[in-house]
Amino acid sequence: MGICASAPGKAILFGEHAVVYGAPAIAVPLSSIRARATASVTNSPLTIIAEDLARPPLTIEAVDLDLADPLALMSRLTMRHLGVASLTGEIRLRSDIPIASGLGSGAAVSAALGRAIARLSGKVIGDDDLSRLVFEVEKLHHGTPSGIDNAVVAREKPLYFVKDRPIEVIGIGAPLWLIVADTGIASPTRDAVSAVRSLRQRQPKRTARTFDEIGEIVRAARTCLERGAAAPLGALMTANHHLLQSLAVSSRELDWLVEAALGAGALGAKLSGGGRGGNIIALADGDSAESIGRALLEAGAKRVTMTVAGAGPHHDDDID
Ligand code: MEV
């Protein structure tokens, strides 16, 4: 018997970094790039095989299991949450979300694994519980995560997120054409978050002002999103990018792709996620999305994904 479970990648539309310090942020799921877990019943103690990574299989009941390993911690936390002391079976993990690129790869792998363990145990895990468990694992990846990645990946809906407040699902007023373009440069979120932390220690007043300005952009963006006002939304994205530049989390390659998107007619563009590498997102009107995607590839993007957020059932395409 085979059991399949999965979770999507994510893109932060507005508010990354400032969200760690209490500002609001907005994120959407990227449903076409996913982490997948395939579970099968065996007679042996639960074993996890990460097919994309060169690492030995992980036996979850091993007494010397290293709980600083995200897969080990997620497995143990899920079993404890479900009240399962011992489990047999095998779970194979695969992900097409690039690692360390700001698209939620770690959170999606944890969420897919948690869902597969629940199903292998014959139990159900709700999205809120799953999000809470993934958050514990995110602390290994990020140090001080805000919780936005686990929230959007577990719920697979556009979210307005404020740390430690109830999560709000956003209604998007008109379909939103988003282009996600990868610099191909891996950049662990932990490093970018800790660079912002030290900037904040060195320049507390200036950083606080920047976080406030980002918060204002996010609140205005929510109204635009709900009304389906794409042009002002694009301008807010670009303004958010400039504030992220002033937090020193952009890079030459990210700025280059943002400029290429704007030069090709995007309504707005910004880095998305931790920054210093990883991805940009650009907002397009429906007619120009393809040509902006091509311009980004010509400008050196290693991969371009188009997604239409808020268009009913999610729909994404890769451009080759
Ligand atoms: C990472 O996707 C977003 C950051 O704001 C970190 C976090 O919120 O935990 C950079």
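Residues numbered from 1 in each chain as written. Predicted model: local features only at pLDDT ≥ 70, side-chain atom pairs only at ≥ 80, totals over all residues. Heavy atoms only, no water.

A. The packing of aromatic side chains, seen in detail. Summed over all chains, the structure comprises 1 aromatic pair. On the basis of an interplanar angle of 10° and a centroid distance of 4.9 Å, the ring pair of Y21 and F211 is categorised as stacked. Here F211 lies in helix α6 (residues 204-227) and Y21 lies in the loop between β1 (2-14) and β2 (25-45), a separation of 190 residues in the sequence. (Phe/Tyr/Trp six-rings, centres within 6.5 Å; stacked < 30°, edge-to-face > 60°. Helix = DSSP H or I, 4+ residues; strand = E, 2+ residues; numbered from the N terminus.)

B. Highlighting the pairing of β1. Extensive coverage of β1 is indicated by the burial of 10 of its 13 residues. When β1 meets β2, the two strands line up antiparallel, connected through 12 bridges. Considered in β2, the bridge of P8 is made with R34. (Buried < 20%, exposed > 50% of the residue type's maximum accessible area, 1.4 Å probe, protein only. Pairing = 2+ DSSP bridges.)

C. Structural detail: the site of the ligand. Surveying the vicinity of the ligand reveals 14 residues, the closest of which are K10, H17, P145, S146 and D149. S146 places a polar side-chain atom, nitrogen or oxygen, 2.6 Å from an oxygen atom of the ligand. Within the side chain of D149, a nitrogen or oxygen atom sits 2.9 Å from an oxygen atom of the ligand. Burial of the ligand by the protein chains amounts to 99% of its free accessible area of 290 Å². Put simply, the parts of the chain that give the shell around the ligand at least two residues each are β1, α4 (148-155) and α5 (189-202). Per-class residue counts for the shell around the ligand are 6 nonpolar, 5 polar and 3 charged. (Near = heavy atom within 4 Å. Polar contact = N/O pair within 3.5 Å; in protein donor to acceptor, adjacent residues only side chain to side chain. Areas by Shrake-Rupley, 256 points an atom, 1.4 Å probe, with all protein chains shown as cover. Nonpolar A, V, L, I, M, F, W, Y, C, P; charged D, E, K, R; others polar.)

D. Region of the structure containing unusual backbone geometry. Even without being a glycine, H17 presents a positive backbone phi close to 70°. Inspection of the secondary structure assignment puts H17 in the loop between β1 and β2. When its relative accessible area of 5% is taken as the criterion, H17 is described as buried.

E. Structural detail: the pattern of salt bridges. Counted under the stated rule, the structure contains 16 salt bridges. Taking the shortest distance from any N to any O, the salt bridge between K10 and D149 comes out at 3.4 Å. Of the two residues, K10 is situated in strand β1 and D149 in helix α4; the sequence distance between them amounts to 139 residues. The shortest N-O distance in the salt bridge between R294 and E290 comes to 3.7 Å. Residue R294 and its partner E290 are located together in helix α9 (residues 289-298), separated by 4 residues, close to a single helical turn. What you see here is one network of salt bridges that share partners, running through E51, E90, R92 and R94. (Salt bridge = Lys/Arg side-chain N within 4 Å of Asp/Glu carboxyl O.)

F. Structural detail: the environment of R222. If you trace the backbone, R222 turns up in helix α6. When the C-alpha positions of R222 and P24 are compared, they lie 10.0 Å apart, and in sequence the two are 198 residues distant. In this view, R222 contacts I26, Y160 and E168; residues no more than four positions away in its chain are not counted. (Contact = heavy atoms within 4.5 Å.)

G. Spotlight on the nonpolar core. Counting 107 residues, the largest nonpolar core has F14, I91 and L296 as its most contacted members. When neighbours within four sequence positions are excluded, I91 is seen to be in contact with A37, T38, A39, L46, T47, I48, I49, L113, A116, I117 and L120. (Core = buried A, V, L, I, M, F, W, Y, C linked by side-chain atoms within 4.5 Å.)

H. Quick peek at helix α2 (residues 105-120). For α2, spanning 16 residues, the distance from its first C-alpha to its last is 22 Å, which sits close to the expected 22 Å at 1.5 Å a residue. In terms of burial, α2 is largely enclosed, as 15 of its 16 residues are buried. Just downstream of α2, G122 is the residue with a positive phi angle, here 75°. (Expected span 1.5 Å × (residues − 1).)

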